[in-house]
Every structure is written in C-alpha cells, then in structure tokens.
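A look at the structure
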Amino acid sequence: QVQLGESGGGLVQAGGSLRLTCAASGRTFSGYTMGWFRQAPGKEREFVAAINRDGFTNYEDSVKGRFTISRDNAKFTVYLQMNSLKPEDTAVYYCAARQGGIVTSNIRYQYWGQGTQVTVSS
C-alpha cells in the first residue's frame, strides 16, 4: 500500500515556475512507477508525466521542454518542476503510483494523492 500527498501548488503568473512535491509512504516506493496527472474544471483527468523505477520518463506533448519529473527514492519523494507556465496549465495536479511500467491512462494507477491546485494567471 502506498499513501501519497502533494504540495507546492499555488498562484503564479504566466512564464513563472512552480515545483510540486509528492511525498509517499510505503517500503516499496522505489519499485513503483510514479505519475503526475491534472484535471481542469469541466475536463477529464489527463496525463502529464511519469517516471519509472529506473528513472525513465515520459511526458505529455504540451509540457515537453517545460516540465521535468524526478524522484528521490531515499526520500520517498517525486517532484514535478514546472517552468514557463501558461494559463492553460491551470488545474488540480495529482500524484499517482502504480506497480508496473509507465502508462498514460489514469485508470491503470492504483494509488492517488488528494491533489494540489495550480493557477496560472495571464
């Protein structure tokens, strides 16, 4: 079992940066693929980025070159560094975990955090 908790969201102007943090509990954290998803009002939850246990990463096209996912297994933590933020990045951001490789479908992640709000003003 893995429990997840996000932090680091907030209000930022377009072009600014934020770093989201997901703290995890569970002795087998290093074996999980970790993902970030986001959900804007009236829209479905969408994949943002993921990192597997070996450090391989995958990104949604609109965030490539702007967002970076990383993990620190010793600290049971995964990060999402978000640069050059745009108003369309505004959403609730969720951390998720799954046993297995990287996938982009949210239904294949078993564990979820409560989410953190990111608002980008124009």
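Presented here is a report on the structure given in the accompanying data block. If you're wondering where the values come from, they're calculated on a predicted model, not measured in any experiment.

**Examining the packing of aromatic side chains**
As enumerated under the stated definition, the model contains seven aromatic pairs in all. Look at Phe29 and Phe76: their rings are 5.5 Å apart centre to centre, the planes differ by 20 degrees, and that puts the pair in the stacked class. With Phe29 in the loop between strand S3 (18-25) and strand S4 (32-39) and Phe76 in the loop between strand S7 (67-72) and strand S8 (77-82), this pair connects stretches of sequence that are 47 residues apart. For Phe29, a relative accessible area of 1% puts it in the buried group. The exposure class assigned to Phe76 is partly exposed, which follows from its relative accessible area of 28%. Judged by centre distance (5.7 Å) and plane angle (75 degrees), the ring pair of Phe37 and Phe47 falls under edge-to-face.

**Quick word on the state of the cysteines**
Following the criterion strictly, the structure yields one disulfide and no others. In this model Cys22 forms its disulfide with Cys95; the gap between the sulfur atoms is 2.1 Å. One quick way to see it: the torsion about the S-S bond of Cys22 and Cys95 is about -80 degrees, and its sign makes the bridge left-handed. Note that Cys22 is positioned in strand S3 and Cys95 in strand S9 (residues 91-99), a separation of 73 residues in sequence. Considered together, Cys22 and Cys95 belong to a single accessibility category, that of buried residues.

Rules and cut-offs
Residues numbered from 1 in each chain as written. Predicted model: local features only at pLDDT ≥ 70, side-chain atom pairs only at ≥ 80, totals over all residues. Heavy atoms only, no water. Phe/Tyr/Trp six-rings, centres within 6.5 Å; stacked < 30°, edge-to-face > 60°. Helix = DSSP H or I, 4+ residues; strand = E, 2+ residues; numbered from the N terminus. Buried < 20%, exposed > 50% of the residue type's maximum accessible area, 1.4 Å probe, protein only. Disulfide = S-S within 2.5 Å.

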